[in-house]
Amino acid sequence: RVLFRSHSRIHDTDYWKERGLSEETVKKYNIGYDPNFESNGFKFPALILPTGKNSYTARNILPYAKKENRYRKVGSADCFNLDILGKTDAPIFVVEGIFDALAICEVGGNAIALGTTGNNSFVDAVKKCASCPPLIVALDNDDAGRDASDKLMKTLTGLDALCVSANLYGSSYKDANEALLADRESFQRSVEDAVKDCEKALAEEKETYLKENSTKYEISDFLKAVANPKNIHPTGFTALDN
């Protein structure tokens, strides 16, 4: 009920436009607005960002809101768009913030937001995923983000998940939303190039694996060996030898 009511009021604010989001994206992810969101006796206007059927993150949109008062999580789900794991075979970007995930979705990509870099629910979901799509780890472009990215890559690799890391932000931007707002076309190209690079890397990895393990790559040598007269040893049974 809260999500439905807040979504119906989304046009009472332009904050989502200020973050580079379109009507299509707002509608697809059921983003809403609550002019009087209340948390711990404190009221503020908030963008409502669903993370599950009964879970959401409220983003305080007051320009003077302190960092510790910007976000409030409601419900048990903490990852954004986590259910896409079982809905696509295309590569999925893994980022930190919800607006970063939305920025990637805005330009045609698929993305999951961890919420926090140490989010175990994401790793648990990957473990349970019967056929996990390729993952592109693109956490924040700062020291903390790079450290978290290295740890996450090691964890995912340990789970035999198909994963690569990517920097969509160059040296100029901290995260996906910042890059989107600065230069939408350039950011879109970065997302598209990262997907292509991921698919190429995985194709090369698959080719290497098959060369090492598949009979397809051994059958030619096998047939040549069979055809070599030196390798033919009669059994004494004419029909069998033929």
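Residues numbered from 1 in each chain as written. Predicted model: local features only at pLDDT ≥ 70, side-chain atom pairs only at ≥ 80, totals over all residues. Heavy atoms only, no water.

Asks: What is the right way to read the sheet that holds strand β6 (residues 111–113) from this model?
Replies: Two modes of strand pairing occur in sheets, parallel and antiparallel, and in both the strands are linked by backbone hydrogen bonds. If you trace the four strands from one edge of the open sheet to the other, you get β6-β5-β7-β8, paired in parallel fashion. Edge positions in the sheet fall to β6 and β8 (163–165), since each of these pairs with one other strand and no more. Recorded for the sheet is a direction-independent mean angle of 25 degrees between the axes of neighbouring strands. Relative to β6, strand β5 (residues 92–95) runs parallel, the two sharing three bridges. From the neighbouring strand, Phe93 faces β6, where its bridge partner is Ala111. Against the sheet, helix α6 (residues 143–158) makes contact with β5, β7 (135–137) and β8, and its axis sits at roughly 165 degrees relative to β8, the strand it touches most. (Pairing = 2+ DSSP bridges. Helix = DSSP H or I, 4+ residues; strand = E, 2+ residues; numbered from the N terminus. Axes fitted to C-alpha atoms, helices over the stretch in contact; angles between N-to-C directions. Contact = heavy atoms within 4.5 Å.)

Asks: Before we go on, may I ask you to explain a nonpolar patch on the surface in this structure?
Replies: A contiguous nonpolar patch, built from Ile219, Phe222, Leu223 and Val226 and spanning about 380 Å² of accessible area, is present on the exposed surface. Along the chain, Leu223 turns up in helix α9 (residues 219–227). (Patch = residues over 30% accessible without salt bridge, like charges linked within 9 Å, V, L, I, M, F, W, Y side chains within 5 Å. Areas by Shrake-Rupley, 256 points an atom, 1.4 Å probe, with all protein chains shown as cover. Salt bridge = Lys/Arg side-chain N within 4 Å of Asp/Glu carboxyl O.)

Asks: Mind showing me how you'd approach the nonpolar core here?
Replies: Soluble globular proteins: nonpolar side chains tend toward being buried together. Residues Ile31, Leu47, Phe93, Leu102, Ile104, Leu168 and Phe187 are the most contacted members of the largest nonpolar core, which totals 37 residues. Mapped onto this core, the elements with two or more residues apiece are α2 (15–18), β2 (42–52), β5, α4 (98–106), β6, α7 (176–182) and α8 (184–213). Not counting residues within four places of it along the chain, the set of residues in contact with Leu168 comprises Phe93, Ile104, Ala138, Phe187, Ser190, Val191 and Ala194. In terms of nonpolar packing, the next biggest core, distinct from the first, is built from 22 residues, Ile92, Val94, Leu152 and Cys163 among them. (Core = buried A, V, L, I, M, F, W, Y, C linked by side-chain atoms within 4.5 Å. Buried < 20%, exposed > 50% of the residue type's maximum accessible area, 1.4 Å probe, protein only.)

Asks: Just checking my understanding: could you explain the packing of aromatic side chains for this structure?
Replies: What describes a pair of aromatic rings is the distance from one ring centre to the other and the angle between the planes of the rings. Tallied over the full model, the rule gives five aromatic pairs. Between Tyr29 and Phe80, the aromatic rings sit 5.5 Å apart at their centres with planes inclined by 50 degrees, giving tilted as the arrangement. Taken together, the positions of Tyr29 in the loop between α3 (23–28) and β1 (32–39) and Phe80 in the loop between β4 (71–74) and β5 put the pair 51 residues apart, joining distant regions of the chain. Like Phe80, Tyr29 is buried. On the basis of an interplanar angle of 55 degrees and a centroid distance of 5.4 Å, the ring pair of Phe37 and Phe44 is categorised as tilted. Summarising the burial analysis for this pair, Phe37 and Phe44 share the class buried. Members of the aromatic cluster, joined through ring pairs, are Phe37, Phe42, Phe44 and Tyr56. Here Arg19 stacks its cationic end above the ring of Phe99, 4.0 Å away from the centre of that ring. (Phe/Tyr/Trp six-rings, centres within 6.5 Å; stacked < 30°, edge-to-face > 60°. Lys NZ or Arg CZ within 6 Å of the ring centre and 35° of its normal.)

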